[in-house]
Amino acid sequence: MVMIMLLALLALIVSFGAGFILNMLTKFWMSSGVVFVGLFIYIMLKVGGSLQLVDWILLLLVAFGAFSSAFAIRTLKSRGFRMFQ
């Protein structure tokens, strides 16, 4: 159980960080969300929707990290940080 919780935390942190960098480099604040949706569709087509509860939890946390990084970039851009413009 502890291993699953650590894996979930790591998935959240890595998806936020990767999404933040991707959004910053592409100058499109929602690119990490678009990449996640594509990844989600690919996974569903590959496994046929037969995922266990742990897999769904990890996908949900990765989605939360990807979309929260998109909104973090949007907030920084709207507040005028030059690095993100």
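For the structure itself, consult the block above.
Calculation criteria
Residues numbered from 1 in each chain as written. Predicted model: local features only at pLDDT ≥ 70, side-chain atom pairs only at ≥ 80, totals over all residues. Heavy atoms only, no water. Helix = DSSP H or I, 4+ residues; strand = E, 2+ residues; numbered from the N terminus. Contact = heavy atoms within 4.5 Å. Buried < 20%, exposed > 50% of the residue type's maximum accessible area, 1.4 Å probe, protein only. Patch = residues over 30% accessible without salt bridge, like charges linked within 9 Å, V, L, I, M, F, W, Y side chains within 5 Å. Areas by Shrake-Rupley, 256 points an atom, 1.4 Å probe, with all protein chains shown as cover. Salt bridge = Lys/Arg side-chain N within 4 Å of Asp/Glu carboxyl O. Axes fitted to C-alpha atoms, helices over the stretch in contact; angles between N-to-C directions. Parallel < 35°, antiparallel > 145°, perpendicular 65-115°, else oblique. Nonpolar A, V, L, I, M, F, W, Y, C, P; charged D, E, K, R; others polar. Core = buried A, V, L, I, M, F, W, Y, C linked by side-chain atoms within 4.5 Å. Polar contact = N/O pair within 3.5 Å; in protein donor to acceptor, adjacent residues only side chain to side chain.

**Here's the deal with the environment of Leu-58**
Here Leu-58 shows up in helix H3 (residues 53-78). The contact partners of Leu-58, leaving out residues within four places of it in the chain, are Leu-7, Ala-8 and Ala-11.

**Thoughts on unusual backbone geometry**
The residue Lys-27 is not glycine, and still its phi comes out positive at about 65°. Looking at the secondary structure, you find Lys-27 in the loop between helix H1 (2-26) and helix H2 (31-47). Here Lys-27 falls in the partly exposed class, since its relative accessible area comes to 46%.

**Regarding a nonpolar patch on the surface**
Among the surface-exposed residues, Met-1, Ile-4 and Met-5 lie close enough to one another that they form a single nonpolar patch of about 360 Å² accessible area. Relative to the helices and strands, Met-1 is located in the segment before H1.

**Re the packing of H1 against H2**
The contact between H1 and H2 brings their axes to 8 Å, and the two run at 120°. Accordingly, the angle class assigned to the pair H1 and H2 is oblique. Counting all contacts with H1, which are made through Gly-19, Leu-22, Asn-23 and Thr-26, the residues of H2 involved are Ser-31, Ser-32 and Val-35. In the contact of H1 with H2, the residues fall into two nonpolar, five polar and no charged.

**Points about the nonpolar core**
Counting six residues, the largest nonpolar core is built from Phe-36, Met-44, Leu-51, Leu-59, Ala-63 and Ala-66. For this core, the elements supplying multiple residues, two or more each, are H2 and H3. Ignoring any residue separated from it by four or fewer positions in sequence, one finds Phe-36 in contact with Leu-59, Val-62, Ala-63, Ala-66 and Phe-67.

**Some remarks on the side chain of Ser-32**
Topologically, Ser-32 is positioned in helix H2. The buried category is assigned to Ser-32, whose relative accessible area is 4%. A distance of 3.4 Å separates polar atoms of two side chains, one belonging to Ser-32 and the other to Ser-69.

**A look at the side chain of Asn-23**
Looking at where Asn-23 falls in the secondary structure, it is placed in helix H1. Relative accessible area serves as the criterion here: at 0%, Asn-23 is assigned to the buried category. Only 2.7 Å separates the side chain of Asn-23 from the side chain of Ser-31, close enough to count as a polar contact. When sequence neighbours within four positions are dropped, the list of residues in contact with Asn-23 reads Phe-28, Trp-29, Met-30, Ser-31, Ser-32, Ser-69, Ala-70 and Ile-73.

Everything listed is a geometric property; what it means functionally is a separate question.
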